[in-house]
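Descriptive analysis of the structure
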Amino acid sequence: MEYIIKNGIVYDPLNGVNGEKMDICVKDGKIVESVSDNAKIIDASNCVVMPGGVDSHSHLAGAKVNVGRIFRPEDSVKDIYAKKGLRTGTGFSVPSTYKTGYQYSEMGYTMVVEAAMPPLIARHTHEEFIETPQIDKAAMPLFGNNWMVMEYLKEGDIKACAAYVAWLLKATRGFAIKIVNPGGTEAWGWGKNVHSLDDPVPYFDITPREIVRGLAEVNEMLGLPHSIHVHPNNLGHPGNWETTLETMKCVEGIEAKPRYGERETSYYNTHCQFHSYGGTSWKDFESKAIEIAEYVNKSKHVVIDVGQITLDETTTMTADGPMEYDLHMTNGLKWANCDVELETGSGVVPFIYSPKGPVYAVQWAIGLELFLHTNTDKVLLTTDHPNAGPFIRYPRVIAWLMSKKYRDEWLYNKVHKWAQQRSHVADSDKEYDLYEIAKITRANQAKVLGLSETKGHLGVGAEADIAIYAIDPEEKDGKKIEKAFRYAKYVLKGGDVVVKDGNIVKQIFGDTIYVDVQVGEDLMNEVLKDVEEKFRRYYSVNIDNYPVSDKYANSWRVIKIDATDIN
Amino acid sequence: MKELILTLQKDIIVPVEMDKVIPNVIENLSLEEIKNLELVQGRKRVKVGDLFDVELNEIEGEPRVVIKNSNNKLKYVGSKMTKGEVIVEGDVGMYVGAEMKGGKIIVNGNADSWAGQNMKGGELLIKGSARDYVGSAYRGDWRGMSGGKIIVEGNAGNEIGEFMRKGLIHIKGNVGIMAGIHQNGGIIIIDGDVDVRVGGEMKAGAIVVYGKVDEVLPSFKYEGIVENPVIKLSKKDEGTPIEGTFYKFIGDYVHNKPKGQLYISVENNPHLI
Ligand SMILES: [Zn+2]
């Protein structure tokens, strides 16, 4: 099938195309130079054309997401998705799988990364991926509290750790190294937490600094497409900005050396909003977003996603078990907690970010400040779905960024005055243009994930994942911006028109992307002995039953990396 | 004003959701429009006129819906209504009066579970018995009934008034286990006996039991005997007088500084203290 998208205004930052009127040709699922006269014409007059959206951090599938669904029927009932010809779904903050896929697609997203996959229950994540339509998917297994990782790093055996990481990525069909509260979730298994970068983990006697730095070295030794993806210690605690900066600094000097893709950063700080808090308690709580943004801007190795608070009732879920316990003790709402054997843990708690709450107002402002003060090549739009808000609010976040007027409407009329008093959000006149929006919603993501060869841009050879929005580039009406980005005019996925006028017109199933790194055989055999020993002694499953088998995807896309020089 | 009389033509197997046929909706509709209203029945939709004989009269006063030949397959009767009256001749299904805001429902029969779920105002009178979760929250929610009055002349099932915040539930018969579980306000009065764990995890509000109580949870604190108490739920509350002599307990002390009040008849429970 051939298409020609005519007369759209194109925003394609990876190719430096900034608002040019041009035609885009599509053939056999790819973007091509030209098409024949038989090509179907898609009229994009008065519309904006961008690459398909890429979300690098979202909790959309797997065990803890499903715990959220199961223990929040009151969230389920709030949003019911029932459209003719499509699978029905429910859930406002934790939508069911089909609803998730459809709604991402309606917004013009074509690729989403699940942010936290417990290796032992990777199958659950992949099972839900199979039932999540419209988008390509990948999942990041959790490494920051893994016994084997901590033991190898403690011994200083980076190579063995690298081989183990390679083995686990392949076994779980994982995509990147995720680190959540390094050492803290394991400490939670002992009823404790770690509170600074140099606070040792009980029994393992390793510090978060050693874990983060060690895994960053492993990451670049293996040359993975993505960098380490880090949720640092002390999430959500006043005064945590210092821990955040220290963690960013602790990997200074570790250079990005991807063997696949065009990534330039070696450190990805996720949901940075939750990590940019000043003060010593909630009473003197204040924003340190500008301090964080200044460091990010001058640091070649760092990129951040924001985790913007959307001021909704939502569901928090993370592998940061002790943090969820703190949250539950703060808001008194129901709490689920899970320990995942030798690997990680998790917690789930509902949360109401009321605009009238002083602390929530500051959190909201902190996220916006990060957007407004960070170099737009180094910041990514997320809501840490659903932790800071559901992903269907991305259009609203875009509207806050594009229109000072709309932002001020919220700042002065809807949210608590602490947002003005405890942050500098009111002082910024910055308004994002569509070129910058395209960066923070697709181009930057594709690049830092290492997928920019074929994703996140509209150059010849790219996958034909394309979003077309009915919006005037000069639009400043917040409501209109929201509507345009919530319901795309057209979405193409792999060259198929899947959305038209905001409605799903074709159900397709994307690929599941994972990384298969080959390290030296002797090294791998040595490491496997250790792995087998761990399974014999401690795991509740047999090692042969551990790997995710071939049938756990609609279609796999494997990124193969030769790292046999590690031996 | 209008009076709508619906007579169920025959027994049905698959439940029907009746939430569209409420006084504040029908007052603006013609007979034809009412007959053509679509109701959800299982995974299908049916027209009011296909299930019921429909009669529309002009009357004095507030709009009224009368459902004759009713049975427990009619769900969500009077759900979300804001005014007027709904009168049910026969039994009624789950969720009668769920989320109702005003007006009155009279059930001349028994009600299935979840009667008055998340009720906000108005009055729900059940002349027979009701099953579980009378005046409870939506499943999973911690924000329950916030106003209005529920009266059950017969017995009620388990977990009545779950997460209740405000309003009154009066059960004239006996109730099952965990009455007033997670209660956070409002008053529950039970004329009959209660099964175990009354007031479990309650934080605020009051429960009055005239009948027998086998045991009170150990996390409740005994305060002494009170006579004809006036229940005050807040400093500003002018109080609700209750007649009789009661053991008074405060709980549930699984919470910090709970304000839940439990009044249990001395006369019927000489074994308790
Ligand atoms: Zn996250």
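Criteria and thresholds
Residues numbered from 1 in each chain as written. Chains lettered and ligands numbered in written order. Predicted model: local features only at pLDDT ≥ 70, side-chain atom pairs only at ≥ 80, totals over all residues. Heavy atoms only, no water. Helix = DSSP H or I, 4+ residues; strand = E, 2+ residues; numbered from the N terminus. Rg over C-alpha atoms; globule rule 2.2 N^0.38 Å. Buried < 20%, exposed > 50% of the residue type's maximum accessible area, 1.4 Å probe, protein only. Contact = heavy atoms within 4.5 Å. Areas by Shrake-Rupley, 256 points an atom, 1.4 Å probe, with all protein chains shown as cover. Domains from an automatic or database assignment. Buried area = accessible area lost by both parts, 1.4 Å probe. Salt bridge = Lys/Arg side-chain N within 4 Å of Asp/Glu carboxyl O. Polar contact = N/O pair within 3.5 Å; in protein donor to acceptor, adjacent residues only side chain to side chain. Nonpolar A, V, L, I, M, F, W, Y, C, P; charged D, E, K, R; others polar. 1 Å grid on protein atoms, 1.4 Å probe; cavity = no way out; pocket = protein on both sides within 12 Å on 5 of 7 lines; lining within 4 Å. Points joined across faces, edges and corners; volume = space filled by probe spheres on them.

1. A look at the overall build of chain A
Looking only at helices and strands, chain A has 18 helices and 26 strands in total. Taking 2.2 N^0.38 as the reference for a compact globule, 567 residues should give roughly 24 Å; the C-alpha atoms of chain A span a radius of gyration of 22 Å, in line with that estimate. Overall, the C-alpha framework of chain A stretches about 65 × 55 × 45 Å when taken along its three principal axes. Looking at chain A residue by residue over its 567 residues, the buried ones come to 66%. At a minimum sequence separation of 6, the contacts of chain A that also span at least 24 residues come to 78%. As displayed, chain A offers around 19,400 Å² of accessible surface, 47% of which is attributable to carbon and sulfur atoms.

2. Some thoughts on the domain arrangement of chain B
Residue and element names in this part refer to chain B. Domains assigned within chain B are domain 1 (1–112) and domain 2 (117–273). Domain 1 and domain 2 are separated by 30 Å when their C-alpha centres are compared. At the interface, 18 residues of domain 1 touch 15 residues of domain 2. Together domain 1 and domain 2 conceal approximately 1,400 Å² of surface at their shared face, both sides included; 53% is due to carbon and sulfur atoms. Ionic pairing is found between Lys120 and Glu99, a salt bridge with its closest N-O pair at 3.9 Å. The interface formed by domain 1 and domain 2 includes 13 residue pairs in polar contact (both at pLDDT 80 or more).

3. Some details on the interface of chain A and chain B
Put simply, an interface is often sized by how much accessible area is lost when its parts join up. If you look at the interface, chain A gives 9 residues, while chain B gives 6 residues. Together, the buried faces of chain A and chain B total about 600 Å²; carbon and sulfur atoms form 67% of this surface. For chain A, the biggest contributors to the area lost against chain B are Pro73, Glu74 and Leu333 of chain A; these three give 54% of the whole. Here chain A and chain B share 1 salt bridge between them. As a salt-bridge pair, Glu313 of chain A and Arg143 of chain B come within 2.8 Å of each other at their nearest N and O atoms. Counting the contacts that link chain A with chain B gives 2 residue pairs in polar contact (both at pLDDT 80 or more). For the side of chain A that touches chain B, the elements supplying multiple residues, two or more each, are helix 2 (73–76) and strand 19 (344–352) of chain A. Class assignment of the residues belonging to the side of chain A that touches chain B gives a composition of 5 nonpolar, no polar and 4 charged.

4. A word on the layout of surface pockets
Roughly 810 Å³ of internal volume is contained in the largest pocket. Considering the residues around the largest pocket, the lining is formed by 25 residues, among which Val77 and Ile80 of chain A together with Glu17, Asp19 and Tyr76 of chain B are closest to the centre. Looking at the lining of the largest pocket, the element that brings in the most residues is strand 3 (residues 38–41) of chain B, giving 3 residues. For the lining of the largest pocket, the per-class residue count stands at 8 nonpolar, 4 polar and 13 charged. Summarising the domain contributions, the lining of the largest pocket has at least three residues from each of domain 1 (1–112) and domain 2 (117–273) of chain B. The computed volume of the second largest pocket comes to approximately 670 Å³.

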